[in-house]
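Descriptive structure summary
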Amino acid sequence: MTMPWIKRSTTVLVLCGLVAAACSSGGSGGGDVTASSNGKPSGTLRLFSYSDGFDPEYMATFYEEYPDIDLQTASFGSNDEAIAKLQAGFQADVINSCVDESTLEMVKRGLYAPLDVSRLENWDQIWPSMKALPGVQVDGQTYLVPVDAGTAGIMYNADVVTTAPDSWLDLFDPQWTGRASMEDVSVTAIDIGALATGITDPLAMTPDQLEQVKEFLIEHRDQFRTFWKGDPDVKAQFKSGEIVISSGYPGTAKSLRKEGVNVQFAVAQEGQMLWTCGYGISPDAQNLDAAYALLNWYTTLPPQIYASTNWNYITSNMGIMDAVPKSVIENAGLDTFGQATNAIPASPPDDRSAWVAAWTEVKAS
């Protein structure tokens, strides 16, 4: 399978150097790598990520620091989609994934290579709780560098939905039939269905309970105009007025408000799902020097500050606490990280394949 890569120009000013270990030519992998006169990584680097992972403003300092890296990007709408494409032969060097969806599964399927922690410059600054998440470290080896985290809840157009929702059941309110949406991620959708039907611990569901949740979602299939894939998708639906309520994230709602759509965010009383995403390196990576440079950049403070300030993300470098104003810490939830009383860990279920199959049936119904 092939996908067109989106090339970005990187001909901008160099700001600062990279440590010698990450700049060495050893381990560059034999791909499209060329010599760089400034001693920094260069050549082609292929990134497969959610679209926010290569947002132009977010990545500005990467392009400044590494003008000789030709970053080629492709996006996916869910980790289910990413796994399918990678297993079908799609090639990438650095891959984005979330522990709630499939990081552990990607490790088990050999889609991530073990990382050389000695090349991870900011590893000691990562929140210990993020390092302990499923798939980040497996059998004593590290596979994923956590970068950002946050909470999932309900987004709604406050000009239409005038009473703020406070329950996942509000997504299924008949008055929003055909005007509601949900993220097209199996773990997220099944979690929402479980919580809406009174199952308080979705990850511990029995097969019978999973069947119950599947039937509930099929019964309410017409409630949803669409199942969205990625921020651009759900933002376009709110802007066009196609939808007025959806599962989603505070950063997306904030972005929509900046663009003139009065979308607010609310936490569901049954539980808020806490997610964490990051980046790993493919076993087939062709440019390891550039790959480690990108992983290291993601955990430096400039992009972490951008993500916390503009997207309300909880970010992984503990130095963020001293790098942003108190208002940013509060908006992103950094001050209560891991202390939410109704938090549902967005981790993969033991029988993830059954959840994926159930969600596939719901979408096809």
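Structural data are supplied above this passage.
Here we summarise the structure given alongside this text. (Residues numbered from 1 in each chain as written. Predicted model: local features only at pLDDT ≥ 70, side-chain atom pairs only at ≥ 80, totals over all residues. Heavy atoms only, no water.)

Points about the state of the cysteines
Which entries qualify depends on this criterion: Cysteine sulfurs are considered disulfide-paired once they come within 2.5 Å of each other. Helix and strand definitions follow DSSP, with helices as H or I runs of at least four residues and strands as E runs of at least two, each counted in order from the N terminus. Burial classification: accessible surface area is computed with a 1.4 Å probe over protein chains only, and a residue below 20% of its type maximum counts as buried, one above 50% as exposed, and the rest as partly exposed.
Counting across every chain of the model gives one disulfide. Here Cys 98 is linked by a disulfide to Cys 277, with a sulfur-sulfur distance of 1.8 Å. Between Cys 98 and Cys 277, the disulfide has an S-S torsion of 95° and is therefore right-handed. Taken together, the residues span a long stretch of sequence, with Cys 98 in strand β4 (residues 94-98) and Cys 277 in strand β12 (residues 272-281) at a distance of 179 residues. Like Cys 277, Cys 98 is buried.

What about the pattern of salt bridges?
Opposite charge on two side chains permits pairing when their charged atoms draw close. This is how it is decided: Counted as salt bridges are all cases of a side-chain nitrogen of Lys or Arg within 4 Å of a carboxyl oxygen of Asp or Glu.
Under the definition given, this model contains 15 salt bridges. The shortest N-O distance in the salt bridge between Glu 105 and Arg 109 comes to 2.4 Å. Classification of Glu 105 as buried rests on a relative accessible area of 16%. In this structure, Asp 184 and Lys 363 form a salt bridge, with 3.0 Å as the shortest nitrogen-oxygen distance. With Asp 184 in the loop between β8 (180-183) and α6 (186-196) and Lys 363 in helix α13 (residues 352-364), this pair connects stretches of sequence that are 179 residues apart. Here Lys 363 falls in the partly exposed class, since its relative accessible area comes to 32%. Linked through salt bridges whose partners overlap, the residues forming this network are Asp 80, Glu 105, Arg 109 and Arg 352.

Brief notes about the packing of aromatic side chains
The criterion, for reference: Pairing of aromatic side chains here covers Phe, Tyr and the six-membered ring of Trp, requires ring centres within 6.5 Å, and sorts the geometry by plane angle: under 30 degrees stacked, over 60 edge-to-face, intermediate tilted. Ring-over charges, as used throughout, are those where CZ of Arg or NZ of Lys falls within 6 Å of the ring centre and within 35 degrees of the ring normal.
For the structure on display, the rule yields 21 aromatic pairs. Ring centres of Phe 62 and Trp 297 lie 5.7 Å apart, and the angle between their planes is 70°; this geometry places the pair in the edge-to-face category. Highlighted residues: Phe 62 in helix α2 (residues 60-65) and Trp 297 in helix α10 (residues 288-298), separated in sequence by 235 residues. Overall, Phe 62 belongs to the buried group, its relative accessible area being 0%. Of note, Lys 40 hangs over the ring of Tyr 66, and the distance from its end group to the ring centre comes to 5.6 Å.

Just geometry here; none of it tells us what the structure is for.
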